[in-house]
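The primary structure of each chain is shown beneath.
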Amino acid sequence: MDLFDYQLNVNLSNQAPLAARMRPRTFDEFFGQAEIVGEGKMLQRAVMADRLFSSIILWGPPGTGKTTLAQMIANYSKSFFVTISAVMAGKNELKTIMDEAMERRRLYNKRTILFVDEVHRWNRAQQDALLPNIENGLVILIGATTQNPYFDVIPALVSRSRVFSLKPLDEEALGKILQNALQDKERGYGNLPIDMDEEARQHLIRICGGDARNLLNALELAVESTPRQEEGGRIHISLQDAQESIQKRAVRYDKNADEHYDTISAFIKSVRGCDPDAALYWLAKMLYAGEDPRFILRRLLILAGEDIGLADPQALQVAASAAYAFEYVGLPEGVYPIVEATLYLATAPKSNSAGAYFSALKEIEQNGAQPVPTHLMDASRDSKAFGHGKGYQYPHEFPEHFIGQQYLPTALIGKTFYRPSEQGREKQTAEKVAHWREIQAQTLKDQFSEK
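Residues numbered from 1 in each chain as written. Predicted model: local features only at pLDDT ≥ 70, side-chain atom pairs only at ≥ 80, totals over all residues. Heavy atoms only, no water.

## Some thoughts on the pattern of salt bridges
Step number 1: Applying the stated rule across the entire model yields 17 salt bridges.
Step number 2: Asp99 serves as the salt-bridge partner of Lys95, at 3.1 Å between the closest nitrogen and oxygen. Pair noted here: Lys95 and Asp99 are both in helix H6 (residues 91–108), with a separation of four residues, about one helical turn.
Step number 3: For Lys95, a relative accessible area of 54% translates into the label exposed. (Salt bridge = Lys/Arg side-chain N within 4 Å of Asp/Glu carboxyl O. Helix = DSSP H or I, 4+ residues; strand = E, 2+ residues; numbered from the N terminus. Buried < 20%, exposed > 50% of the residue type's maximum accessible area, 1.4 Å probe, protein only.)

## Quick look at the sheet that holds strand S3 (residues 112–117)
Step number 1: Across the sheet, which stays open at both edges, the five strands sit in the order S2-S3-S4-S1-S5 with parallel pairing between neighbours. Both edges of this open sheet fall to strand S2 (80–85) and strand S5 (161–165), since each of them pairs with a single strand only. Pairwise comparison of adjacent strand axes, ignoring direction, gives a mean angle of 15° for this sheet.
Step number 2: Bridging between strand S1 (residues 55–59) and S5 involves five bridges; their strand directions are parallel. (Pairing = 2+ DSSP bridges. Axes fitted to C-alpha atoms, helices over the stretch in contact; angles between N-to-C directions.)

## Looking at the confidence of the model for the chain
Step number 1: Looking at the chain, the pLDDT average stands at 87 and 93% of residues meet or exceed 70.
Step number 2: Within the chain, no element has a lower average pLDDT than helix H1 (residues 3–14), which sits at 46, and none a higher one than helix H19 (residues 335–347), at 96.
Step number 3: This model gives residues 1–12 a pLDDT under 50, and the stretch forms two contacts once residues within four places in sequence are excluded. (pLDDT = per-residue confidence, 0-100. Contact = heavy atoms within 4.5 Å.)

## Digging into H6
Step number 1: For H6, with 18 residues, the first-to-last C-alpha span of 25 Å sits near the 26 Å given by 1.5 Å per residue.
Step number 2: When we look at burial in H6, the residues that qualify are Leu94, Ile97, Met98, Ala101 and Arg104. Buried residues in H6, looked at end-on, bunch into an arc of 120°, giving them a common side. In H6, the exposed positions angled more than 90 degrees off the buried face are occupied by Asn92, Lys95 and Arg106.
Step number 3: One or two steps after H6, the chain reaches Asn109, where phi turns positive at roughly 50°. (Expected span 1.5 Å × (residues − 1). Arc of directions from axis to C-beta.)

## Some points on helix H17 (residues 293–308)
Step number 1: Its 16 residues place the ends of H17 21 Å apart at the C-alpha level, agreeing with the 22 Å of an ideal helix rising 1.5 Å per residue.
Step number 2: Every buried residue of H17 is accounted for by Pro293, Phe295, Ile296, Leu297, Leu300, Leu303, Ala304, Asp307 and Ile308.
Step number 3: Among the residues of H17, the N-terminal cap falls to Asp292, whose side-chain oxygen and the backbone nitrogen of Arg294 are separated by 3.0 Å.
Step number 4: The positive-phi residue at the C-terminal boundary of H17 is Gly309, with phi of around 50°. (Polar contact = N/O pair within 3.5 Å; in protein donor to acceptor, adjacent residues only side chain to side chain.)

## Remarks on a nonpolar patch on the surface
Step number 1: On the surface, Tyr150, Phe151, Tyr324, Tyr328 and Val329 cluster together to form a nonpolar patch covering roughly 600 Å² of accessible area.
Step number 2: Contributions of two or more residues to the nonpolar patch are made by helix H9 (149–152) and helix H18 (314–329).
Step number 3: Take the nonpolar patch: its biggest share by element is three residues, from H18.
Step number 4: Relative to the helices and strands, Tyr150 is located in helix H9. (Patch = residues over 30% accessible without salt bridge, like charges linked within 9 Å, V, L, I, M, F, W, Y side chains within 5 Å. Areas by Shrake-Rupley, 256 points an atom, 1.4 Å probe, with all protein chains shown as cover.)

## Notes on the packing of H18 against H19
How two helices pack is summed up by the angle between their axes together with the distance between the axes.
Step number 1: In contact at an axis separation of 8 Å, H18 and H19 are set at 165° when each is read in the N-to-C sense. Considering the angle they form, H18 stands roughly antiparallel to H19. For the pair H18 and H19, the sense of crossing is left-handed. Note on element contacts: H19 touches H18 through Pro337, Ile338, Ala341, Tyr344 and Leu345, opposite Gln314, Ala315, Val318, Ala319, Ala322, Ala325 and Phe326. (Parallel < 35°, antiparallel > 145°, perpendicular 65-115°, else oblique. Left-handed = near helix turned anticlockwise from the far one by under 90°.)

## Remarks on the environment of Glu135
Step number 1: Along the polypeptide, Glu135 turns up in helix H8 (residues 131–135).
Step number 2: Under the relative-accessibility criterion, Glu135 is labelled exposed at 54%.
Step number 3: The spatial distance from the C-alpha of Glu135 to the C-alpha of Ser54 is 9.7 Å, given a sequence separation of 81 residues.

## Considering the pairing of S2
Step number 1: Of the strand pairs in this sheet, S2 and S3 are connected by six bridges, and their pairing is parallel. In the strand pairing of S3, Phe81 is matched with Ile113.
Step number 2: Taking the sense of rotation as the criterion, the β-α-β connection linking S2, H6 and S3 turns out right-handed. (Right-handed = clockwise from strand over helix to strand, strands pointing away.)

What follows is the structure, encoded as structure tokens:
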């Protein structure tokens, strides 16, 4: 490297975007993803001890630390580190890298770690070309992808790698990243007199979508475009500046205050009340304000069981499928399964009959648990000595696979907890249950009158 090349690298480093300048160099500077690289976790231990011997695939949304983790591995490792982008590089570049890795191992017995960004962009043939050299240990692959590797990376490559799933950064991690950028005097804005309003800070954190790069880009735009005040020369970043820097208007919504609870309450009550338009409005408000979609999906799962139940058993499956799909898609496209679940549940017939459980629970709490009738006891252990299971009638041996026999404790015969509604599919259930109860009541009446 000559003097001109050295000065070029210095200039590029100093003039790099804030997100690039603030990229963590050590685990102490890395915020978030504690379940993967937190203190004592396997990946952190392996990296810090330079004991990464198997390939890994880092899967997660943009701005969650995939490239940063790869560069940190390079900082800690004594291996030769090569970085390529699957968008730009093809089989020819890969062959050159492998030839050089072979020569490096032969002459210096030095390992090569290959970081492939957007590895899912390579076609099957390109991914196949990696396999022999990963198999024989010539190179260790670190693949980064925003797509599900189980769908978009060939199975042979996935089976030879450990997949780590990175999640969108939470508000605590984002807050630390923002504060670090404001205080760092070497790479951030620690040398500038910056005053940021708390509501501006919260807006940037909430609206960046768990993406640290998005957050730092917005902060950089706000700082660089806000004129200094005439008195004192300080830079004051207001909520309006934050809105303009991230191109999104703030909505009054504090996740720890009344607005959070009031809005989710309005959303659930709208779905329960069969008003899809209101449900969509409150859903849009929450997502726009940066609410965690998983929180909304959890509430929809609860509602499917509590307020729809057997009136439409499919509702719970729809809500569960939406939650499952969101984990694979994420935002922004992940809004579609959330909307689908919201509309399905809002337009489904409603029944709260699942609350019958609490009637049964109340009976136990007030009067204690009753003993199990002898004929319902487990016959596999004490049938001979104590007659457990004696007299039990197997329903499948009778017409309609039903026999009217005692199932409740004797003290509770005739007690009903479940009251089916007349809504949706449960209307048919109500007719069947009434029929069974009538037969059962008459059978038990006859049995006890004989005694």
